[in-house]
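Commentary on secondary and tertiary structure
Listed here are the chains, written in short residue letters.
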Amino acid sequence: MSFIFPRYHAMARQRGMSTKTGVPTAATYVFVNMLRKLRDDFAPEYLAAVFDVAAPTFRDQQAEAITSVRRFDLKTQTFQEIEYHGYKANRSEMPGDLAQQLPYIRRALEGYHIPILEQAGYEADDLIGTLARKATEQSYFVYVVSSDKDMLQLVNDHVCVA
């Protein structure tokens, strides 16, 4: 999703895409083109798509115990106690037309015989990090394709983020 989301928004600003019956297709189109380019340019030996599951994660459970956090105020050079609204509380909901395309994106992955990995209780980032670590332990070189800057913490001599 970190790869689909920004491209979906860029595509939506350019022009709307949909089938004759009105089913939106821009995100699916962008995803399939990105997938084809990835396969053509890198010819990976192994490839998987990792998705979040719409369920609470261990981070959500940890965050329930937190009611406030300390934030540093540059003007006053002091810490201030502010109310904590929850893990990812400020994140906006996925646009409806993007959510409507997820089944088609998943079907495209199935058509390419690319496994879809997801695990209740864990975010996709956690799964990607675990897979990268396990693969490098077996001497594989790993390319993580994501625009999520959090993935940069995985970079080492055997893991590249593209």
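Fair warning: this is a prediction, and the values are worked out from it, not measured in the lab. (Residues numbered from 1 in each chain as written. Predicted model: local features only at pLDDT ≥ 70, side-chain atom pairs only at ≥ 80, totals over all residues. Heavy atoms only, no water.)

Let us look at the overall build of the protein chain. Scanning the protein chain for helices and strands turns up 6 helices and 6 strands. Moving toward the C terminus, one meets the helices and strands of the protein chain in the order α-α-β-α-β-β-α-α-β-α-β-β. Considered along the principal axes of its C-alpha atoms, the protein chain spans approximately 55 × 45 × 30 Å. When each of the 162 residues of the protein chain is scored for burial, the buried share is 28%. When the accessible surface of the protein chain is split by element, carbon and sulfur atoms take 52% of a total near 11300 Å². (Helix = DSSP H or I, 4+ residues; strand = E, 2+ residues; numbered from the N terminus. Buried < 20%, exposed > 50% of the residue type's maximum accessible area, 1.4 Å probe, protein only. Areas by Shrake-Rupley, 256 points an atom, 1.4 Å probe, with all protein chains shown as cover.)

Judged by nonpolar contacts, the single largest core of 14 residues is most densely connected at Ile4, Ala27, Phe31, Ile105 and Leu109. Breaking this core down by element, the ones donating at least two residues are helix H1 (4-14), helix H2 (26-42) and helix H5 (102-111). Among the elements that make up this core, the one with the highest residue count is H2 (4 residues). Once you skip the residues sitting within four places of it in the chain, isoleucine 4 turns out to touch Ala27, Phe31, Leu98 and Ile105. In this structure, Val50, Leu127, Ala132 and Leu154 belong to the second largest nonpolar core, which totals 11 residues. (Core = buried A, V, L, I, M, F, W, Y, C linked by side-chain atoms within 4.5 Å. Contact = heavy atoms within 4.5 Å.)

We now examine the pairing of strand S2 (residues 68-73). The pairing of S2 with strand S3 (residues 78-83) spans 6 bridges and is classified as antiparallel. For aspartate 73, the partnering residue across the bridge sits in S3 and is threonine 78. Connecting S2 to the next strand, S3, in antiparallel fashion are 4 residues, including glutamine 77 with a positive phi near 55°. (Pairing = 2+ DSSP bridges.)

The next subject is H5. Residues of H5 that are buried include every one of Leu102, Ile105, Ala108 and Leu109, and no others. Relative to the axis of H5, the buried residues are bounded by an arc of 115° and lie together on one face. Facing away from the buried surface of H5 by more than 90 degrees, the exposed residues are Arg107, Glu110 and Gly111. Of the residues one or two after H5, histidine 113 is the one with positive phi, at around 60°. (Arc of directions from axis to C-beta.)

Right, let's get into the packing of aromatic side chains. Going through the model one piece at a time under the given rule, you end up with 4 aromatic pairs. Here tyrosine 46 and tyrosine 140 contribute two aromatic rings whose centre-to-centre distance is 5.7 Å and whose plane-to-plane angle is 90°, an arrangement assigned as edge-to-face. Of the two residues, tyrosine 46 sits in the loop between H2 and strand S1 (49-50) while tyrosine 140 sits in the loop between helix H6 (124-137) and strand S5 (142-144), which places them 94 residues apart along the sequence. A relative accessible area of 56% places tyrosine 46 in the exposed class. For tyrosine 140, a relative accessible area of 32% translates into the label partly exposed. The ring of phenylalanine 79 carries the charged tip of arginine 70 above its face, separated from the ring centre by 4.3 Å. Here the guanidinium or amino end of arginine 106 rests over the ring plane of phenylalanine 51, the centre of that ring lying 5.1 Å away. (Phe/Tyr/Trp six-rings, centres within 6.5 Å; stacked < 30°, edge-to-face > 60°. Lys NZ or Arg CZ within 6 Å of the ring centre and 35° of its normal.)

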